[in-house]
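Remarks on the overall topology
Take a look at the letters that make up each chain.
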Amino acid sequence: MTETIHKPLDWFGIARLGLVQSALGAVVALTTSTLNRIMVVEMAMPAMLPAALVGLHFAVQITRPHWGYGSDLGSRRTPWIIGGMACLCLGALGATDAALMMATTPLLGIFISVLAYLMIGMGVGASGTSLLALLATRVAPERRPAAASITWIMMILGIVISSIVVGKLIDPFSSQALAFAATWVAGCAFLITLAAVHGVELPVGAKLLADEPATSEGPPVPFRQAVKEIWAEPLARNFSIFVFVSMLAYSAQDLILEPFAGLVFHMTPGQSTQMSGIQNMGVLLGMILTGAIGGRTTRSGKSWMAAWAIFGCLGSALALLGLAAAAEVGPGWPLMPTVFALGFANGVFAVSAIGSMMGLAGHGQKSRVGIRMGIWGAAQAIAFGLGGFFGAMGVDGLRAVLPETGHAFLIVFLIEGALFLVSAYLASRLGSSERPSSVKTDESESASSPLMGHVSTLT
């Protein structure tokens, strides 16, 4: 019988899967941003409550390796994407109802909120991990940087569209308007996901044109054994550490940048919001640029993704050094260009990291794309939650003991910059634990290719 060879996804197929990221972003924005504001402002609740719930949804994503492992065993990703999105949407509806319930029955409302945010975290983990695994197996290597860029940009687009539409639907605010807006977002997100994944995944056992001959996987092993085997691979372990440290640095300024603008530069809320918009413009430009040219290779066939990853880390460290100087100098410092530079470097780093993650997911003694994505996704989610928390806590603690508010931000920005320098070092050292994909060995890998080198020949 002749084996059918399928082509990798074209740009339209990549954009279709990007719609799933848009749907994820839209629902998560509702639960972590809109509900956060409503609980604190309209319902006069302590800010600590929604912050704890948002932190819970990050903590639950430590289960991402389980979802990736399940999709590996079943050899199908789309059921996990759809099931995860259903869990996320139901959790969002539950979180909305629970927030409204807190006005009359606070204890019951908090209890339901905890259950809802557990569902949100599990839904994001199951759907997001399986989506990245599907992209990693269906996208040609040279298109992976662009695919990472497209999916991240579409996620941001989903957040923006959701925020605008929900803002219009709930103005003026009422419980009925909020419930209708949540139902609208969740329903649209689920329907978009169904349409986006329909027919994208290959039949079980089908071969992709870009694939190498498959290696023998042997019988399925228990989850813990699979994790141990992957963690024993130097590349997978070291890349996990790189993802954790770099995302810790990436997220630590997330909750303190606008307060910094208000406290040190005396900006109004409108001005600090505009500053945030300038930062996001830099992020998008960095993502687009890296996605457009990041997949090109050198004459020897090595990917430029290595250079982009290190450049993004070093550029972010330099921009944070500029913010530290701004904290010392005050209003005379050119803050807007500094924030734009930070956004640009962050965008370069984000796309190169996700693109490299997609490229390396099938790289190892055994190809377990889903569980690798799960391990790296869990490292990313936990670091993101911890980074935002410790960044804000660090500023609060230092402001309590230092005479100048600017000095508190200065120290935190310097620590973040140092973490990015450590990330650049870790990125430059990852190549020493990588082996060429065409060589199989039972010993530890010892190739000398640079960080994420040969990304274009991994599958």
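Structure report, in brief.

Cut-off values and rules
- Residues numbered from 1 in each chain as written.
- Predicted model: local features only at pLDDT ≥ 70, side-chain atom pairs only at ≥ 80, totals over all residues.
- Heavy atoms only, no water.
- Helix = DSSP H or I, 4+ residues; strand = E, 2+ residues; numbered from the N terminus.
- Buried < 20%, exposed > 50% of the residue type's maximum accessible area, 1.4 Å probe, protein only.
- Phe/Tyr/Trp six-rings, centres within 6.5 Å; stacked < 30°, edge-to-face > 60°.
- Contact = heavy atoms within 4.5 Å.

**Thoughts on unusual backbone geometry**
- Aspartate 171 connects to proline 172 through a cis peptide bond whose omega is 0 degrees.
- Backbone geometry places histidine 266, a non-glycine residue, at a positive phi of 55 degrees.
- With respect to the secondary-structure elements, histidine 266 resides in the loop between helix 10 (257–265) and helix 11 (269–293).
- A relative accessible area of 60% places histidine 266 in the exposed class.

**Quick notes on the packing of aromatic side chains**
- All told, the structure shown has 14 aromatic pairs when counted by the stated rule.
- For the pair phenylalanine 260 and phenylalanine 413, a centre-to-centre distance of 5.1 Å together with 90 degrees between the ring planes defines the contact as edge-to-face. With phenylalanine 260 in helix 10 and phenylalanine 413 in helix 15 (residues 405–429), this pair connects stretches of sequence that are 153 residues apart.
- On the accessibility criterion, phenylalanine 260 (0% relative accessible area) is buried.
- Between tryptophan 308 and phenylalanine 311, the aromatic rings sit 6.1 Å apart at their centres with planes inclined by 85 degrees, giving edge-to-face as the arrangement. Within this pair, tryptophan 308 and its partner phenylalanine 311 are both found in helix 12 (residues 305–329), separated by three residues, close to a single helical turn.

**Some words on the environment of methionine 247**
- Relative to the helices and strands, methionine 247 is located in helix 9 (residues 234–251).
- Classification of methionine 247 as buried rests on a relative accessible area of 6%.
- Each C-alpha atom, one on methionine 247 and one on phenylalanine 384, is 5.9 Å from the other, the two residues being 137 residues apart in sequence.
- Setting aside its immediate chain neighbours within four residues, methionine 247 contacts Phe349, Gln380, Ala383 and Phe384.

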